[in-house]
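Summary of structural features
Now for the letters of each chain:
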Amino acid sequence: MPRLLPALVLLAACTRGATVTTGTAAGASPARAVAADSGETHLADVRQITFGGENAEAYFSHDDQWLTFQSTRDGRACDQQFVIRADGTDLRRVSNGEGKTTCGWFLPGDRRLFFASTHAAGAACPAKPDPSKGYVWGIDRYDIYTANRDGSELKRLTNYGVYTAEGVLSPDGTRIVFTSLKDGDLDIYTMNVDGSDVRRLTTTPGYDGGPWWSPDGTKIVYRAWHYAPEDSAGLRQYRELLGQNMIRPNRMELFVMNADGSDQRQVTRLGGANFGPSWTPDGRRLIFSSNHQNPRSRNFDLFVVNLDGTGLEQITRNPEFDGFPMFSHDGKRLVWASNRGAAKAGDTNLFIAEWRP
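Here goes a summary of the coordinates provided. (Residues numbered from 1 in each chain as written. Predicted model: local features only at pLDDT ≥ 70, side-chain atom pairs only at ≥ 80, totals over all residues. Heavy atoms only, no water.)

This next bit is on the environment of Phe324. The residue Phe324 is located in strand β25 (residues 322-327) in this model. Residues Phe324 and Thr72, 252 residues apart in the sequence, show an inter-C-alpha distance of 16 Å. (Helix = DSSP H or I, 4+ residues; strand = E, 2+ residues; numbered from the N terminus.)

Here it is in structure tokens:
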């Protein structure tokens, strides 16, 4: 999700590599058992695995032993990319400590991963959006990079110099789906894992993002807000904000399409912001975060829904934020980010639970 180059700068950054931190002495603690909230009947043996700062978008390795995630831990001004064991130990920073990162994912074999970073556009954190614009996301100058799990051998995969992020690996390990501004609108693309054979999947005016492959690799779910031909004012406002590297994410619904971009169809019509979709292990339902019950609230909960929009079911019940869900590859656990039990306002931590269907 949005937080949203000269070759010599990139080479200088790559030769420095990442500072690697490991174990509990570096700030990682073993997972701590916490109680599920009342009504969270699908969640058992809930464990908190990070403690402080903003930690989000945690995604499992293929063997379900590791997670990669982004974090402002240790007082950082913006996110860096980390890996951690699923039990909360062996924390390691993967990114080089410059710029801002988002949306990591393990490559086949789990020894390398890819993530998006702005460090080629500048070592400092990108400027925050103008607060006078209200609640907006910055569309920062990310490109996608690969690195070893210890942070070594950082390599640039895309070279667009505009927002290019939100990557997810296909189940067969051959292609990456991602979101980019490279053609002037926020659209969804796929490419080979080496960055070749880039294909654009969406072209409707408006924001398309957060793509995620189905477990069998035949479909992609994504979040979107499109503008009808008669809503010229809305489209104009969207494009004006986009020209200032911002979007206003207060309205998003879920869509599904085939892996080649065909048969695009809307799944939810809930109102509010519905985002961070992924799939249940059987590929029959979507799990996502939504504030549709009170779109003016900061509270988001996790829900599941059938692919035709029926069967909506609420999963989390905490009065704070819950989002970015992913099932383990064996289907037995769910990881997500939440404000629940925060030691101080604004803390977002990672939680893992056994899944009870």
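Turning to the environment of Glu230, a few remarks are in order. Note on placement: Glu230 falls in the loop between β17 (219-226) and α2 (232-243). Classification of Glu230 by relative accessible area gives exposed; the value is 69%. Between the C-alpha atom of Glu230 and that of Asp301, which follows or precedes it by 71 residues, the distance is 32 Å. (Buried < 20%, exposed > 50% of the residue type's maximum accessible area, 1.4 Å probe, protein only.)

In this structure the tally under the stated criterion is one disulfide. Bridging Cys78 to Cys125, the disulfide has an S-S length of 2.2 Å. Looking down the S-S bond of the Cys78 and Cys125 bridge, the torsion is -85 degrees, so its handedness is left-handed. In this pair, Cys78 is assigned in the loop between β4 (66-71) and β5 (80-85) and Cys125 in the loop between β8 (112-117) and β9 (137-138), connecting sequence segments 47 residues apart. Between Cys103, a cysteine without a disulfide, and Cys78, which holds the nearest cysteine sulfur, the sulfur-to-sulfur distance is 14 Å. (Disulfide = S-S within 2.5 Å.)

Let us look at the layout of surface pockets. If you add up the space inside the second largest pocket, you get close to 340 Å³. Along the wall of the second largest pocket there are 19 residues; nearest its centre are Trp212, Pro215, Met326, Phe327 and His329. Elements with a contribution of two residues or more to the lining of the second largest pocket: β12 (164-169), β16 (206-213), β21 (274-279) and β25. (1 Å grid on protein atoms, 1.4 Å probe; cavity = no way out; pocket = protein on both sides within 12 Å on 5 of 7 lines; lining within 4 Å. Points joined across faces, edges and corners; volume = space filled by probe spheres on them.)

Moving on to empty space enclosed by the protein. Within this model, the largest cavity holds a volume of roughly 160 Å³. Residue lining of the largest cavity: 15 residues in total, with Glu57, Tyr59, Gly210, Trp212 and Arg223 positioned closest to the centre. Looking at the lining of the largest cavity, the elements with two or more residues in it are β3 (55-60), β12, β16, β21 and β25. Split into classes, the residues belonging to the lining of the largest cavity amount to nine nonpolar, three polar and three charged. (Nonpolar A, V, L, I, M, F, W, Y, C, P; charged D, E, K, R; others polar.)

Attention now moves to the packing of aromatic side chains. With the rule as written, the count across this model stands at 16 aromatic pairs. Both rings, one in Tyr142 and one in Tyr163, keep their centres 5.7 Å apart while their planes meet at 80 degrees; by these two values the pair is edge-to-face. With Tyr142 in the loop between β9 and β10 (143-148) and Tyr163 in the loop between β11 (155-156) and β12, this pair connects stretches of sequence that are 21 residues apart. Residue Tyr142 is classed as buried on the basis of its relative accessible area of 0%. Overall, the relative accessible area of 1% leaves Tyr163 in the buried class. (Phe/Tyr/Trp six-rings, centres within 6.5 Å; stacked < 30°, edge-to-face > 60°.)

Attention now moves to the sheet that holds β10. Sheet architecture is open: four strands sit in the order β7-β8-β10-β11, paired in antiparallel fashion. Edge positions in the sheet fall to β7 (101-106) and β11, since each has one partner strand and no second. Sheet analysis places β10 next to β11, joined by two bridges and oriented antiparallel. Along β11, the bridge assignment pairs Tyr145 with Arg156. (Pairing = 2+ DSSP bridges.)

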